[in-house]
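# Structural features, examined
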Protein chains: 2
Amino acid sequence: MKIIIPKGFLVGEAQDDFTGVTAFLCPRGAVGGADCRGGAPGTRETDLLRPEKMMDKVNAVFLAGGSAYGLAAADGIMRWMRERGYGYRTAGKIVPIVSGAVIFDLNHKEYHTPTAETGFEACENASRTPTFGQNGVGRGATAGKIRGLRYASKTGVGACTVKTAGVTLTAVVAVNALGDVFDPETGKIVAGAKANDGSFIDTEKHIVSGGLLKLFAGANTTVGCILTDARLDKVQANKLASAGHGGLSRAIRPVHTDFDGDTLFCLASGKKPVLNLLLLQTAAAYAVERAVVAAATEGAAYDVSYDESEEDSEE
Amino acid sequence: MKIIIPKGFLVGEAQDDFTGVTAFLCPRGAVGGADCRGGAPGTRETDLLRPEKMMDKVNAVFLAGGSAYGLAAADGIMRWMRERGYGYRTAGKIVPIVSGAVIFDLNHKEYHTPTAETGFEACENASRTPTFGQNGVGRGATAGKIRGLRYASKTGVGACTVKTAGVTLTAVVAVNALGDVFDPETGKIVAGAKANDGSFIDTEKHIVSGGLLKLFAGANTTVGCILTDARLDKVQANKLASAGHGGLSRAIRPVHTDFDGDTLFCLASGKKPVLNLLLLQTAAAYAVERAVVAAATEGAAYDVSYDESEEDSEE
């Protein structure tokens, strides 16, 4: 799968053995939106992304492990930005605008959580050729957790790029869902909760056929960011974040549960005019779906092929 | 003014010479809500307060200076809570639920912002007899900033307690508004932007009469928390946060502007049944109004008289 990081963005990853941070940097600012549909979100600076709020540019979006503790990653991202003079300027001060969401990956005895330093390091590592897979926020991600972690599948971060109507749209998603991941192109489960014999139990089918599962009292959450070089206003960026959730609905079952804090962001760097938002809404859902499948199928060793030259030649 | 911190809550303050944090602790959990009406908010963990989200208890709400940098205070509050075993328990881990909002008080050459340590210290200082005034988040607060800080009025944190229908409701508000503070009981400005001769210019009247002001490109924000011992569900807690904004509208003009991130929280500890929410909605608007006036008139030396014995005797 060929991935393009659209113009105006860098992607940084940092992790230890257990958890990590993926940061989408748009130092000069991008128009941002978000849609939080899961029942158990952990978020920071999402209010200012609503269309009626005045802040018209975001400097970074981050996705982090560590549950709510991971929201500390923003402190380091803000420091990195401020030291370089990036951020909203007011009253003689620079305030970087950094929004983000976290996943629950506290799967070990100790509390291994991203810190401000992890966020700072992700910025230091920022490039147009991130690795995804089990790096960054993907480090501790798993899916299919209805029977607990022991029967879950290892996942990670996936991405998918769509080029349509003269713009580039790339979805990056960290899959850490309670539900199973389906590939809608085949109708088959590609990652999920397993029976004792290692086969997928199919959580949804089990539930709708009246089966009773001993619910694992865990926490989950799928998070992602849709990057585009399109010129969008805030309402449109929020619409694309919403459209992206269609991709989650297609590829994860069940999704948006009370035990998932599913949240998608959208960042638009504004390099290219948009003639028809429908094309981008369609692309957003599709790209998120394929990013989910990539995160699930290639989570352990995600092979990204970058198409930098093509993108560079456009300018 | 007699202040009662309702049962189930402690209030902690920490500050340096320039900025600070006020934290409302409900270690055993309280039902929370929020309403963010200003155009330029800085917030953390507000999505989970929406009625449709599953998180039914919050462990703390914080109000901090430092603009978005001050959101780091939550990291320290989370650490304090976790070390004491307070928080949402899932998958063998404790995740304290800490929501909050910040004000812009970066009024000095250096960046003086609250840190995780300030949040931790506020928890260490928690009691049922906080000082308010210029302590905690009130340290750097000012109001009436249409002509810039030089012509603004010093304010701070104010509080007001109402007892109605067998429950106690206390609003605590940090006034850092762009607009002027009016006392609706007299119709007079009590803190606000001043003319060169030191008299209040009356920002609203100046604007509606067609006057042109050289707008100071600053940032502002009024934040607060309504504490009650009432037994509320999440929808009701959100409704009280909304009702509180009526108090801001009455006492601050203009308010909820694009340069204010005005956000109110509500925490309900659930000790007392509620027969009629109308009584509490009325009380919320009134208490917020009086808290704003108190923050403005007594911001520099706020004298709080506590009524602890009465409250204690109720149990």
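Residues numbered from 1 in each chain as written. Chains lettered and ligands numbered in written order. Predicted model: local features only at pLDDT ≥ 70, side-chain atom pairs only at ≥ 80, totals over all residues. Heavy atoms only, no water.

Looking up chain A in an unreviewed UniProt entry gives the name P1 family peptidase, with the organism given as Candidatus Limadaptatus stercoripullorum.

## With respect to the overall build of chain A
Which entries qualify depends on this criterion: Numbering of helices and strands runs from the N terminus, with a helix taken as a DSSP run of H or I at least four residues long and a strand as a DSSP run of E at least two residues long. Note on method: radius of gyration uses C-alpha positions; expected globular size equals 2.2 Å times residues raised to 0.38. Relative accessibility thresholds used throughout: buried, under 20% of the residue-type maximum; exposed, over 50%; partly exposed, between the two (1.4 Å probe, protein chains only). The contact criterion used throughout is that any non-hydrogen atoms of two residues lie within 4.5 Å.
For chain A, the helix and strand inventory stands at six helices and 18 strands. A globule of 315 residues ought to have a C-alpha radius of gyration of about 20 Å, and chain A, at 18 Å, matches this closely. Taking all 315 residues of chain A together, 62% fall into the buried category. When contacts within chain A are restricted to residue pairs at least 6 apart in sequence, those whose partners lie at least 24 apart make up 80%.

## Quick look at the packing of helix α4 (residues 234-251) of chain A against helix α5 (residues 277-297) of chain A
Residues and elements named next belong to chain A. Let me state the cut-off plainly: To define axes, lines are fitted to C-alpha atoms, for helices over the stretch in contact only, and angles between the resulting N-to-C directions are given on a 0 to 180 degree scale. For classification purposes, angles smaller than 35 degrees are called roughly parallel, those larger than 145 roughly antiparallel, those between 65 and 115 roughly perpendicular, and all remaining angles oblique. Crossings are sorted by hand: turned counterclockwise from the far helix by less than a right angle, the near helix makes the crossing left-handed, and turned clockwise it makes it right-handed. Lys, Arg, Asp and Glu make up the charged group, whereas Ala, Val, Leu, Ile, Met, Phe, Trp, Tyr, Cys and Pro make up the nonpolar group; the residues left over, Gly among them, are polar.
Between α4 and α5, the shortest axis-to-axis distance is 7 Å and the interhelical angle comes to 40°. It follows that α4 is oblique to α5 by the angle criterion. Seen along the crossing, α4 lies across α5 with a hand that is right-handed. Here α4 contributes Gln-236, Lys-239, Leu-240, Ala-243, Gly-244, Gly-247, Leu-248, Arg-250 and Ala-251 to the contact with α5, which in turn contributes Leu-277, Leu-280, Gln-281, Ala-284, Ala-285, Tyr-286, Val-288, Glu-289, Val-292 and Val-293. Residues of the contact of α4 with α5, tallied by class, amount to 12 nonpolar, four polar and three charged.

## Looking at the interface of chain B and chain A
Put simply, the rule reads: The term buried area refers to how much accessible surface (probe radius 1.4 Å) is lost by two components on association, counted for both of them together. Whenever two N or O atoms come within 3.5 Å, that pair is a polar contact, provided that in protein one can donate a hydrogen and the other can accept it, and provided that, for residues adjacent in sequence, both atoms are side-chain atoms.
Across the boundary between the two partners, chain B contributes 43 residues, which contact 43 residues of chain A. Together chain B and chain A conceal approximately 3600 Å² of surface at their shared face, both sides included; 53% is due to carbon and sulfur atoms. When the buried area of chain B at its contact with chain A is split by residue, Tyr-69, Lys-93 and Tyr-111 of chain B rank highest and sum to 18% of it. Between the two partners, chain B and chain A, sit 20 residue pairs in polar contact (both at pLDDT 80 or more). Broken down by secondary-structure element, the contributors of at least two residues to the side of chain B that touches chain A are β4 (43-44), α1 (73-83) and β7 (93-95) of chain B.

## Quick notes on the relation of the copies chain B and chain A
Inclusion rule: Least squares is the method used to superpose the copies, on C-alpha atoms of residues holding a pLDDT of at least 70 in both.
Rotating chain B by 180° and translating it 0.0 Å along the rotation axis places it on chain A, where the RMSD comes to 0.0 Å. Taken together, the turn and the small shift mark the pair as related by a two-fold rotation axis. Relative to the rotation axis, the C-alpha of Arg-44 of chain B is the closest in chain B, positioned 2.2 Å from it. When you check the interface residues of chain B against chain A, 100% turn up at the interface there too, and the contact is symmetric in its surfaces.

## Overview of the sheet that holds strand β14 (residues 188-191) of chain B
Residue and element names in this part refer to chain B. Short version of the rule: The criterion for strand pairing is that DSSP finds at least two bridges linking the strands in question.
Across the sheet, which stays open at both edges, the three strands sit in the order β14-β13-β16 with antiparallel pairing between neighbours. At either end of the open sheet lies a strand with only one pairing partner, and these are β14 and β16 (252-253). Bridge count between strand β13 (residues 180-183) and β16: two bridges; the pairing is antiparallel. Paired with Val-181 across the two strands is Ile-252, which belongs to β16. Strands β13, β14 and β16 of the sheet are contacted by helix α5 (residues 277-297), whose axis makes an angle of about 115° with β13.

## Considering the environment of Thr-155 of chain B
Residues and elements named next belong to chain B. Within the secondary structure layout, Thr-155 lies in the loop between β10 (153-154) and β11 (157-164). With 151 residues separating them in the primary sequence, Thr-155 and Ile-4 have C-alpha atoms 21 Å apart. Looking at Thr-155, its side chain comes within polar contact range of the main-chain oxygen of Val-175, at 2.6 Å.

## As for the confidence of the model for chain A
Our working definition: pLDDT is defined as a per-residue confidence score from the predictor, taking values between 0 and 100.
Of all residues in chain A, 93% attain a pLDDT of 70 or more, and the chain-wide mean is 93. Across residues 310-315 of chain A, confidence stays below pLDDT 50; counting only partners more than four residues off in sequence or on other chains, it has 15 contacts.

## Re helix α2 (residues 116-124) of chain B
Residues and elements named next belong to chain B. Those residues of α2 that sit buried are Ala-116, Thr-118, Gly-119, Phe-120, Ala-122 and Cys-123. Looking at the buried residues of α2, the elements they touch are β2 (10-15), β3 (20-36) and α1. Two or three places before Glu-117, at the opening of α2, Thr-115 has a side-chain oxygen 3.2 Å from that residue's backbone nitrogen.

## Some points on the side chain of Thr-46 of chain A
Topologically, Thr-46 of chain A is positioned in the loop between β4 (43-44) and β5 (58-64). According to the relative accessible area criterion, Thr-46 of chain A is buried, its value standing at 7%. In this view, Thr-46 of chain A contacts Phe-265 of chain A together with Thr-46 and Asp-47 of chain B; residues no more than four positions away in its chain are not counted.

## As for the pairing of strand β13 (residues 180-183) of chain A
Residues and elements named next belong to chain A. Neither face of β13 is exposed, since Asp-180 and Phe-182 on one face and Val-181 and Asp-183 on the opposite face are all buried. Across three bridges, the pairing between β13 and strand β14 (residues 188-191) is antiparallel. For Asp-183, the partnering residue across the bridge sits in β14 and is Lys-188. Hairpin connection of β13 to β14: four residues between the antiparallel strands, including Gly-187 at a positive phi of 75°.

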